[in-house]
Amino acid sequence: MSSIKKLAGQTIWYGASSIFARFLYYLLTPYLTGKFSGTVEYGRMSLVFALIPFLFTLIVFAFETAYFRFMERKEYKIDVYDTLSTSLLISTLGIIGLTIFFRLPIAKFIGLPDHPEYITLCAVIIGFDALSALPFAKLRHENRPKKFAFIRITGILLNIFVVYFFLTVCPAIIKKNPNSILHLVYSVRYGVAYVLIANAAASVFQFLALSREWSSVHLHINKTLWKEVMIYALPLTIAGFAGMINETFDRVMLQRWSPLKGDAATFEVGVYSACYKLSILITLFVQAFRMGAEPFFFKQSSEENAPRVYARVMKFFVITICAMFLFVSLYLNIWKELFIHDEKMWAGVKVVPILLLANMFLGIYINLSIWYRLTRKTTAGAYITLIGAGITIAVNFLFIPYFGYMACAWATFLCYGTMMVISYVWGQKSYPVPYAWKKLVAYMVIVVILYFIHHGIISVWHNVALNYTIATLFLVLFGLFIYRIEKKEFEILLKPYKKYL
């Protein structure tokens, strides 16, 4: 149980800072949906941001995971950071240069042929983010959470400040003083470009704040290590690239295959993207968990009881995301008013419960994926994610023309659900872990049933007080039920803190 507490501590330190930083960024959603209300600008922004993860994955090449993996190898420990950093610098300069060179066809492909400058700004963001990836991994490996948290949070605050400056402060000043010098840096027609400029400023700041980590790099490549890293990382990169198809490419497919056309299709992309962000709680927790779990799992792998630890981690993980599913889905009307300030977009909130379940499956899959990372069978991860990508593309291609963004939501659900099941079955044959899968499935089924009961009741009786009373009752009952079933586990976990309770 002490190892689980250690993981919890790492998740809190690194994950909480990431959650806080991400949450600050997500606070831009209500601001931007309100600012771009009734326009296609939010949809355009969503299309641009759908491109960034693809190029980032291609450049970083799963080097973060490889760094944690090979830092545990004594013969390579001295050369790992230098070799990976040198390789990353070369790949970043090459791919970003190609992206800028081919910005016109890329802009046309994602449905924004009139805005190649967006692609140039994307290249700047991706380039500096990629160069910051390994220094951030180094901070995590060396257990330096304060610097990690400071840089992440300050970068997001800078991002928010620049967005607000260009979209609110500048227009207000120019309206009062038409001859203001701000005309040199501001034009109302730039719109989404200022959101990208703000992201670029945050990315540059993060890179500069990590300059000490980069200054320690000696530019050389250990060829033997590099070959091993590439063999290990290539399948993970393919998996990551396919994963981006599952996670963000549906926006591009929605733009191209929507039953609506032109600006109406772009607006629909914005609706789907804004509503997708309402699954924020589970998404943030999964990201936080990944930050703490990746180095933890590798360090834990040498312990004799590692499989039992992984099983326990999975149990607490599933319990947490089940509670989060209820917390978001039962109070969905509150979340939509908080995060989406364009009432025309509220029609899309019906996708949220589907996406919440999809992200639950993704989180479980990430938890399960430890088997192929530890056994160095990373090709399995590539195969599984490619299957998921195939499902995403097929379902979206077949059903977007008829059902619009609902098809995107169900494609995400089927994709991550399939990946989760395949990974579990395959993993138990290669690296058996005693997951209490029947109990965990039961927990997930229970929260879904509670959601449908609540949804059925409020569909018949449209009463706000009744809605939230039942929601709170169901949430409390689920918590009491879990505590009753897992009482011994919770008592062991909380034993050191009893004197404070």
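Residues numbered from 1 in each chain as written. Predicted model: local features only at pLDDT ≥ 70, side-chain atom pairs only at ≥ 80, totals over all residues. Heavy atoms only, no water.

Engineer: What exactly am I supposed to notice about the overall build of the chain here?
Structural biologist: When helices and strands are counted, the chain shows 23 helices and 0 strands. For 501 residues, the compact-globule estimate of 2.2 N^0.38 gives 23 Å, and the C-alpha radius of gyration of the chain, at 23 Å, lies within 12% of that figure. In terms of overall dimensions, the chain has C-alpha extents of about 70 × 70 × 50 Å along its principal axes. Within the chain, counting contacts between residues at least 6 apart in sequence, those at least 24 apart form 84% of the total. Element-wise, carbon and sulfur atoms account for 68% of the exposed surface of the chain, whose accessible area totals about 22700 Å². In the chain, which carries 47 positive and 25 negative side-chain charges, the distance between the mean positions of the two groups comes to 4 Å. (Helix = DSSP H or I, 4+ residues; strand = E, 2+ residues; numbered from the N terminus. Rg over C-alpha atoms; globule rule 2.2 N^0.38 Å. Contact = heavy atoms within 4.5 Å. Areas by Shrake-Rupley, 256 points an atom, 1.4 Å probe, with all protein chains shown as cover. Lys, Arg positive; Asp, Glu negative; His and termini not counted. Charge placed at Lys NZ, Arg CZ, Asp CG, Glu CD.)

Engineer: What am I meant to see in a nonpolar patch on the surface here?
Structural biologist: Together, Ile393, Phe397, Leu398, Phe399, Tyr402 and Phe403 make up a nonpolar patch on the protein surface, roughly 670 Å² of accessible area in all. Mapped onto the secondary structure, Tyr402 falls in helix 19 (residues 378-403). Exposure remark for Tyr402: the relative accessible area of 63% places this residue in the exposed category. (Patch = residues over 30% accessible without salt bridge, like charges linked within 9 Å, V, L, I, M, F, W, Y side chains within 5 Å. Salt bridge = Lys/Arg side-chain N within 4 Å of Asp/Glu carboxyl O. Buried < 20%, exposed > 50% of the residue type's maximum accessible area, 1.4 Å probe, protein only.)

Engineer: Got a minute to help me understand the packing of helix 7 (residues 116-141) against helix 8 (residues 145-176) in this structure?
Structural biologist: Two quantities define a packed helix pair, namely the angle between the axes and the distance from one axis to the other. Two elements in contact, helix 7 and helix 8, have axes separated by 9 Å at closest approach and are oriented at 145°. Touching Phe136, Leu139 and Arg140 of helix 7 are Lys147, Phe148, Ile151 and Arg152, all from helix 8. Split by residue class, the contact of helix 7 with helix 8 holds 4 nonpolar, no polar and 3 charged. (Axes fitted to C-alpha atoms, helices over the stretch in contact; angles between N-to-C directions. Nonpolar A, V, L, I, M, F, W, Y, C, P; charged D, E, K, R; others polar.)

Engineer: Just checking my understanding: could you explain the nonpolar core for this structure?
Structural biologist: Nonpolar side chains in soluble globular proteins generally cluster together in the buried interior. Judged by nonpolar contacts, the single largest core of 163 residues is most densely connected at Leu32, Tyr67, Phe325 and Ile364. With 16 residues, helix 15 (residues 306-329) is the single largest residue contributor to this core. Apart from residues no more than four positions distant in its own chain, Leu32 is found in contact with Tyr42, Met45, Val163, Leu167 and Val195. Within the second largest apolar cluster, 5 residues are counted, among which are Phe136, Leu139, Ile151 and Leu210. (Core = buried A, V, L, I, M, F, W, Y, C linked by side-chain atoms within 4.5 Å.)

Engineer: Help me understand the side chain of Thr57, please; the structure alone is not making it clear to me.
Structural biologist: Position of Thr57 among the secondary structure elements: in helix 3 (residues 41-60). Ignoring sequence-local partners within four residues, the contact set of Thr57 consists of Thr237, Gly240, Phe241 and Met244.

Engineer: I would appreciate a short explanation of the packing of aromatic side chains in the present structure.
Structural biologist: Applying the stated criterion across every chain yields a total of 33 aromatic pairs. An angle of 50° between the planes, with centres 6.4 Å apart, marks the rings of Phe70 and Tyr76 as tilted. With relative accessibility at 1%, the residue Phe70 sits in the buried group. Ring pairing ties together the aromatic residues Phe161, Phe165, Phe166, Tyr186, Tyr190 and Tyr194, which thus form one cluster. When the ring centre of Phe136 is taken as origin, the NZ or CZ atom of Arg152, which lies over that ring, is 5.6 Å away. (Phe/Tyr/Trp six-rings, centres within 6.5 Å; stacked < 30°, edge-to-face > 60°. Lys NZ or Arg CZ within 6 Å of the ring centre and 35° of its normal.)

Engineer: Help me understand the pattern of salt bridges in this model?
Structural biologist: Working definition: two side chains of opposite charge can pair if their charged atoms are close together. Within this structure, the stated rule accounts for 10 salt bridges. Residue Glu41 is joined to Arg44 by a salt bridge in which the shortest nitrogen-to-oxygen separation is 2.8 Å. Residue Glu41 and its partner Arg44 are both found in helix 3; the two are separated by 3 residues, about one turn of the helix. Overall, Glu41 belongs to the buried group, its relative accessible area being 14%. We note a salt bridge from Glu142 to Lys138, for which the minimum N-O separation is 2.8 Å. For Lys138, a relative accessible area of 15% translates into the label buried. What you see here is one network of salt bridges that share partners, running through Lys138, Glu142, Arg144, Lys147 and Glu213.

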